[in-house]
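Summary of structural features
Chain residues, written in single-letter form:
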Amino acid sequence: MERPRREDRAVVADYYTASAEFYEMVASRHVATSAGPLTTALSGVDTGHGPVVEIGAGTGRVTSVIAETLPTASLIAVEPSTPMRAMLTSRVFGDPDLRRRVTVLAEPVQHVALPARVSAVVLFGVVGHLTREERGELWRMVTARLPPGGPIVVELMGAGATRPIPPFRMLRETMGQQTYEWWTEAEPVADDVMRWRTEWKVFRDGRLVRSTSDTYSWENLTLEALAEEAGLSSRMISAGGVPGSPEIGVLHR
(Lines give C-alpha, C1' and ligand atoms only; values in the text may rest on other atoms or scores of the structure.)
Protein backbone atom coordinates (compact mmCIF):
# COMPACT_ATOMS: atom_id res chain seq x y z
CA MET A 1 0.00 0.00 0.00
CA GLU A 2 1.27 3.45 -0.88
CA ARG A 3 2.52 5.53 2.04
CA PRO A 4 0.72 8.88 2.46
CA ARG A 5 2.62 11.77 0.93
CA ARG A 6 3.96 14.33 3.38
CA GLU A 7 1.43 16.89 2.24
CA ASP A 8 -1.37 14.41 3.01
CA ARG A 9 -0.30 13.98 6.61
CA ALA A 10 -1.94 16.26 9.16
CA VAL A 11 0.11 19.02 10.71
CA VAL A 12 -0.06 18.98 14.49
CA ALA A 13 -1.04 22.65 14.70
CA ASP A 14 -3.98 22.16 12.33
CA TYR A 15 -5.30 19.27 14.36
CA TYR A 16 -5.25 21.15 17.64
CA THR A 17 -6.73 24.35 16.25
CA ALA A 18 -10.22 22.85 15.99
CA SER A 19 -10.13 20.98 19.31
CA ALA A 20 -8.04 23.31 21.48
CA GLU A 21 -11.02 24.59 23.48
CA PHE A 22 -11.58 21.07 24.81
CA TYR A 23 -7.97 20.02 25.27
CA GLU A 24 -7.66 20.76 28.99
CA MET A 25 -10.22 18.04 29.67
CA VAL A 26 -7.88 15.56 27.99
CA ALA A 27 -4.70 17.05 29.41
CA SER A 28 -5.84 16.90 33.02
CA ARG A 29 -6.49 13.17 32.73
CA HIS A 30 -3.40 12.56 30.63
CA VAL A 31 -1.02 14.15 33.12
CA ALA A 32 -2.54 12.13 35.96
CA THR A 33 -1.31 8.91 34.33
CA SER A 34 1.87 10.19 32.68
CA ALA A 35 3.38 12.35 35.44
CA GLY A 36 4.74 9.37 37.38
CA PRO A 37 6.55 7.73 34.43
CA LEU A 38 7.85 11.11 33.26
CA THR A 39 9.24 11.89 36.71
CA THR A 40 10.96 8.50 36.74
CA ALA A 41 12.42 9.09 33.28
CA LEU A 42 13.85 12.49 34.28
CA SER A 43 15.29 11.40 37.61
CA GLY A 44 19.02 12.00 37.82
CA VAL A 45 19.17 14.50 34.92
CA ASP A 46 22.06 16.95 35.25
CA THR A 47 20.31 20.25 34.58
CA GLY A 48 23.62 22.11 34.55
CA HIS A 49 24.30 21.00 30.98
CA GLY A 50 21.58 23.23 29.52
CA PRO A 51 17.81 23.68 29.39
CA VAL A 52 15.30 20.86 29.20
CA VAL A 53 13.47 20.99 25.87
CA GLU A 54 9.81 19.98 25.60
CA ILE A 55 8.64 19.59 22.01
CA GLY A 56 4.87 19.73 21.66
CA ALA A 57 4.19 21.40 25.01
CA GLY A 58 0.45 21.78 24.42
CA THR A 59 -1.28 23.70 27.20
CA GLY A 60 1.64 23.27 29.61
CA ARG A 61 0.41 20.50 31.89
CA VAL A 62 3.52 18.38 31.20
CA THR A 63 5.67 21.52 31.32
CA SER A 64 4.60 21.98 34.92
CA VAL A 65 5.52 18.37 35.76
CA ILE A 66 8.99 18.80 34.23
CA ALA A 67 9.52 22.02 36.20
CA GLU A 68 8.42 20.39 39.45
CA THR A 69 10.58 17.31 38.83
CA LEU A 70 13.67 19.38 37.98
CA PRO A 71 13.37 22.51 40.15
CA THR A 72 16.73 23.95 39.08
CA ALA A 73 16.20 23.52 35.33
CA SER A 74 15.40 26.14 32.75
CA LEU A 75 12.93 24.93 30.13
CA ILE A 76 12.23 25.54 26.47
CA ALA A 77 8.59 24.74 25.62
CA VAL A 78 7.97 24.38 21.87
CA GLU A 79 4.34 24.61 20.70
CA PRO A 80 3.39 25.62 17.12
CA SER A 81 -0.41 25.61 17.60
CA THR A 82 -1.58 29.16 18.30
CA PRO A 83 -4.59 28.35 20.52
CA MET A 84 -2.63 25.72 22.45
CA ARG A 85 0.29 28.11 22.83
CA ALA A 86 -2.07 30.78 24.15
CA MET A 87 -3.06 28.48 27.01
CA LEU A 88 0.58 27.47 27.54
CA THR A 89 1.64 31.12 27.74
CA SER A 90 -1.18 31.88 30.16
CA ARG A 91 -0.14 28.99 32.42
CA VAL A 92 3.52 30.03 32.38
CA PHE A 93 2.84 33.73 32.88
CA GLY A 94 0.46 33.04 35.76
CA ASP A 95 3.04 31.08 37.75
CA PRO A 96 6.00 33.17 39.02
CA ASP A 97 8.33 30.16 39.05
CA LEU A 98 7.43 29.03 35.52
CA ARG A 99 7.55 32.61 34.28
CA ARG A 100 11.17 32.85 35.42
CA ARG A 101 12.26 29.49 34.00
CA VAL A 102 10.22 28.68 30.86
CA THR A 103 10.83 30.07 27.37
CA VAL A 104 7.95 29.46 24.93
CA LEU A 105 8.81 28.98 21.24
CA ALA A 106 6.28 28.99 18.39
CA GLU A 107 8.28 27.26 15.65
CA PRO A 108 7.38 23.69 14.58
CA VAL A 109 9.96 21.06 15.41
CA GLN A 110 11.13 21.00 11.79
CA HIS A 111 12.33 24.60 12.08
CA VAL A 112 13.01 25.21 15.76
CA ALA A 113 16.43 26.57 16.75
CA LEU A 114 17.82 25.08 19.95
CA PRO A 115 20.83 26.11 22.03
CA ALA A 116 24.11 24.25 21.59
CA ARG A 117 23.65 22.31 24.83
CA VAL A 118 20.51 20.79 26.37
CA SER A 119 20.08 18.51 29.38
CA ALA A 120 17.07 16.45 28.28
CA VAL A 121 14.35 16.35 25.63
CA VAL A 122 10.67 15.46 26.17
CA LEU A 123 8.47 14.44 23.21
CA PHE A 124 4.89 13.68 24.21
CA GLY A 125 2.36 13.08 21.44
CA VAL A 126 4.74 14.17 18.68
CA VAL A 127 6.93 11.51 17.05
CA GLY A 128 4.15 9.67 15.20
CA HIS A 129 3.17 12.87 13.40
CA LEU A 130 6.64 13.16 11.87
CA THR A 131 7.95 11.42 8.77
CA ARG A 132 10.97 9.14 9.11
CA GLU A 133 13.10 11.85 7.46
CA GLU A 134 11.87 14.48 9.91
CA ARG A 135 12.54 12.18 12.81
CA GLY A 136 16.06 11.53 11.51
CA GLU A 137 16.74 15.27 11.45
CA LEU A 138 15.31 15.56 14.97
CA TRP A 139 17.53 12.77 16.35
CA ARG A 140 20.63 14.35 14.80
CA MET A 141 19.74 17.76 16.20
CA VAL A 142 19.08 16.69 19.77
CA THR A 143 21.78 14.00 20.15
CA ALA A 144 24.40 16.55 19.11
CA ARG A 145 23.29 18.73 22.04
CA LEU A 146 22.70 16.14 24.78
CA PRO A 147 25.40 14.89 27.15
CA PRO A 148 26.13 11.14 27.31
CA GLY A 149 23.15 9.53 29.03
CA GLY A 150 20.96 12.61 28.56
CA PRO A 151 17.43 11.27 28.05
CA ILE A 152 15.03 11.75 25.18
CA VAL A 153 11.70 10.92 26.83
CA VAL A 154 9.18 9.73 24.24
CA GLU A 155 5.46 9.09 24.54
CA LEU A 156 3.86 6.85 21.93
CA MET A 157 0.19 6.33 21.12
CA GLY A 158 -0.29 3.22 23.27
CA ALA A 159 -2.51 1.60 20.64
CA GLY A 160 -0.57 -1.66 20.42
CA ALA A 161 -0.65 -3.36 17.03
CA THR A 162 -1.67 -1.44 13.90
CA ARG A 163 -5.31 -2.41 13.47
CA PRO A 164 -8.77 -0.96 12.92
CA ILE A 165 -10.16 0.59 16.10
CA PRO A 166 -13.96 1.01 16.12
CA PRO A 167 -15.50 4.19 17.53
CA PHE A 168 -15.41 4.40 21.30
CA ARG A 169 -15.86 7.11 23.90
CA MET A 170 -12.57 8.21 25.46
CA LEU A 171 -13.94 10.84 27.83
CA ARG A 172 -17.15 12.24 29.28
CA GLU A 173 -17.15 15.37 31.43
CA THR A 174 -19.76 17.83 32.68
CA MET A 175 -19.19 21.56 32.98
CA GLY A 176 -22.05 23.79 34.00
CA GLN A 177 -25.19 22.74 32.15
CA GLN A 178 -23.32 20.94 29.36
CA THR A 179 -21.81 17.49 28.97
CA TYR A 180 -18.79 16.89 26.74
CA GLU A 181 -17.90 13.60 25.07
CA TRP A 182 -14.73 12.75 23.21
CA TRP A 183 -14.96 9.91 20.68
CA THR A 184 -12.19 8.36 18.62
CA GLU A 185 -11.66 5.68 15.99
CA ALA A 186 -8.83 4.63 13.68
CA GLU A 187 -8.00 2.61 10.58
CA PRO A 188 -4.69 1.48 9.04
CA VAL A 189 -3.88 3.36 5.83
CA ALA A 190 -0.31 2.29 4.95
CA ASP A 191 2.31 0.11 6.60
CA ASP A 192 2.18 1.18 10.27
CA VAL A 193 0.40 4.48 9.59
CA MET A 194 -3.03 4.82 11.17
CA ARG A 195 -5.58 7.49 10.36
CA TRP A 196 -7.35 8.64 13.50
CA ARG A 197 -10.67 10.45 13.63
CA THR A 198 -11.72 12.22 16.80
CA GLU A 199 -15.01 13.94 17.51
CA TRP A 200 -16.10 16.20 20.35
CA LYS A 201 -19.82 16.25 21.12
CA VAL A 202 -21.47 18.86 23.33
CA PHE A 203 -24.82 18.02 24.94
CA ARG A 204 -27.28 20.22 26.84
CA ASP A 205 -30.32 18.66 28.50
CA GLY A 206 -29.47 15.43 26.73
CA ARG A 207 -29.55 17.09 23.30
CA LEU A 208 -26.54 17.39 20.99
CA VAL A 209 -25.98 21.13 20.49
CA ARG A 210 -22.72 21.07 18.56
CA SER A 211 -19.82 18.89 17.52
CA THR A 212 -16.41 19.18 15.91
CA SER A 213 -14.16 16.52 14.40
CA ASP A 214 -10.57 16.10 13.25
CA THR A 215 -8.58 13.52 11.34
CA TYR A 216 -4.83 13.02 11.47
CA SER A 217 -2.27 10.37 10.59
CA TRP A 218 0.02 8.78 13.13
CA GLU A 219 2.80 6.28 12.50
CA ASN A 220 2.35 3.47 15.00
CA LEU A 221 5.95 3.21 16.15
CA THR A 222 7.55 1.08 18.84
CA LEU A 223 10.25 2.30 21.17
CA GLU A 224 12.61 -0.32 19.74
CA ALA A 225 12.02 0.93 16.19
CA LEU A 226 12.72 4.51 17.26
CA ALA A 227 15.92 3.46 18.99
CA GLU A 228 17.10 1.61 15.88
CA GLU A 229 16.46 4.52 13.52
CA ALA A 230 18.09 6.96 15.96
CA GLY A 231 21.08 4.72 16.68
CA LEU A 232 20.37 4.93 20.42
CA SER A 233 19.64 2.61 23.32
CA SER A 234 16.19 2.48 24.86
CA ARG A 235 14.34 1.50 28.00
CA MET A 236 10.61 1.36 28.57
CA ILE A 237 9.26 3.26 31.56
CA SER A 238 5.53 2.60 31.19
CA ALA A 239 3.93 0.26 28.63
CA GLY A 240 0.65 1.05 26.89
CA GLY A 241 -1.50 -1.44 25.02
CA VAL A 242 -4.82 0.41 24.77
CA PRO A 243 -5.45 3.87 23.29
CA GLY A 244 -5.11 6.56 25.92
CA SER A 245 -2.85 4.63 28.26
CA PRO A 246 0.66 6.03 28.70
CA GLU A 247 3.41 4.35 26.69
CA ILE A 248 6.55 6.20 27.74
CA GLY A 249 10.15 5.27 27.11
CA VAL A 250 13.64 6.76 27.06
CA LEU A 251 16.15 6.95 24.24
CA HIS A 252 19.77 7.59 25.23
CA ARG A 253 23.37 7.08 24.20
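Everything here concerns the structure above.
What comes next is a walk through the structure.

**Considering the packing of helix α6 (residues 132–143) against helix α7 (residues 223–230)**
Between α6 and α7, whose axes approach to 10 Å, the crossing angle comes to 65 degrees. For the element pair α6 / α7, the angle class is roughly perpendicular. Handedness of the α6/α7 crossing: right-handed. Contacts between α6 and α7 pair Arg 132, Arg 135 and Trp 139 from the former with Leu 226, Glu 229 and Ala 230 from the latter.

**So, the packing of aromatic side chains**
Under the counting rule described, the total for this entry stands at three aromatic pairs. Residues Trp 182 and Trp 200 carry aromatic rings whose centres are separated by 5.7 Å and whose planes lie at 10 degrees to one another, so their mutual orientation is stacked. In this pair, Trp 182 is assigned in strand β7 (residues 178–190) and Trp 200 in strand β8 (residues 193–204), connecting sequence segments 18 residues apart. Trp 200 shares its class with Trp 182; the two are buried. Grouped by ring-pair contacts, the aromatic residues Phe 22, Tyr 180, Trp 182 and Trp 200 constitute a single cluster. Positioned over the ring face of Trp 183 is Lys 201, at 4.8 Å from the centre of the ring.

**So, the nonpolar core**
Generally speaking, a soluble globular protein has its nonpolar side chains buried in company with each other. Membership of the largest hydrophobic core comes to 29 residues, with the highest contact counts inside it found for Ile 55, Val 121, Leu 123, Leu 138, Trp 139, Ile 152 and Leu 251. Those elements that place two or more of their residues in this core are β1 (52–55), β2 (75–78), β4 (120–124), α6, β5 (152–156) and α7. Not counting the four nearest positions on each side in its chain, Leu 251 is found in contact with Trp 139, Gly 150, Pro 151, Ile 152, Val 154, Leu 223, Leu 226, Ala 227, Leu 232, Ser 233 and Ser 234. Formed by 25 residues, the second largest nonpolar core is a distinct cluster that contains Ala 41, Leu 42, Val 52 and Val 122.

**Overview of empty space enclosed by the protein**
Inspection of the entire model under this criterion finds one cavity of 30 Å³ or more. When its volume is computed, the largest cavity comes out at roughly 30 Å³. As for the largest cavity, its lining consists of Thr 143, Leu 146, Gly 150, Ile 152, Leu 232, His 252 and Arg 253. Among the residues forming the lining of the largest cavity, the class breakdown is three nonpolar, three polar and one charged.

**As for the side chain of Thr 179**
Relative to the elements of secondary structure, Thr 179 occurs in strand β7. A residue is classified by how much of its surface remains accessible, and Thr 179, at 15% relative accessible area, is buried. Among the polar contacts listed, one links the side chain of Thr 179 to the side chain of Thr 174, at a separation of 3.4 Å. Thr 179 has contacts with Arg 172, Glu 173, Thr 174, Lys 201, Val 202 and Phe 203, leaving out every residue within four places of it along the chain.

**Details of the pattern of salt bridges**
Applying the stated rule across the entire model yields twelve salt bridges. Glu 24 is the salt-bridge partner of Arg 91, the closest N and O atoms lying 2.8 Å from each other. In this pair, Arg 91 sits in helix α4 (residues 82–93) while Glu 24 sits in helix α2 (residues 23–42), placing the two residues 67 residues apart along the sequence. We classify Arg 91 as partly exposed; its relative accessible area is 25%. A relative accessible area of 22% means that Glu 24 is categorised as partly exposed. One salt bridge in this structure joins Arg 135 and Glu 219, with 3.1 Å as the shortest N-O distance. Within this pair, whereas Arg 135 is found in helix α6, its partner Glu 219 is found in strand β9 (residues 207–219), the two being separated by 84 residues in sequence. By the burial criterion, Arg 135 is buried, and Glu 219 matches it. Connected through shared salt-bridge partners, Arg 132, Arg 135, Glu 219 and Glu 229 make up one network.

Conventions adopted
Residues numbered from 1 in each chain as written. Predicted model: local features only at pLDDT ≥ 70, side-chain atom pairs only at ≥ 80, totals over all residues. Heavy atoms only, no water. Axes fitted to C-alpha atoms, helices over the stretch in contact; angles between N-to-C directions. Helix = DSSP H or I, 4+ residues; strand = E, 2+ residues; numbered from the N terminus. Parallel < 35°, antiparallel > 145°, perpendicular 65-115°, else oblique. Left-handed = near helix turned anticlockwise from the far one by under 90°. Contact = heavy atoms within 4.5 Å. Phe/Tyr/Trp six-rings, centres within 6.5 Å; stacked < 30°, edge-to-face > 60°. Buried < 20%, exposed > 50% of the residue type's maximum accessible area, 1.4 Å probe, protein only. Lys NZ or Arg CZ within 6 Å of the ring centre and 35° of its normal. Core = buried A, V, L, I, M, F, W, Y, C linked by side-chain atoms within 4.5 Å. 1 Å grid on protein atoms, 1.4 Å probe; cavity = no way out; pocket = protein on both sides within 12 Å on 5 of 7 lines; lining within 4 Å. Points joined across faces, edges and corners; volume = space filled by probe spheres on them. Nonpolar A, V, L, I, M, F, W, Y, C, P; charged D, E, K, R; others polar. Polar contact = N/O pair within 3.5 Å; in protein donor to acceptor, adjacent residues only side chain to side chain. Salt bridge = Lys/Arg side-chain N within 4 Å of Asp/Glu carboxyl O.

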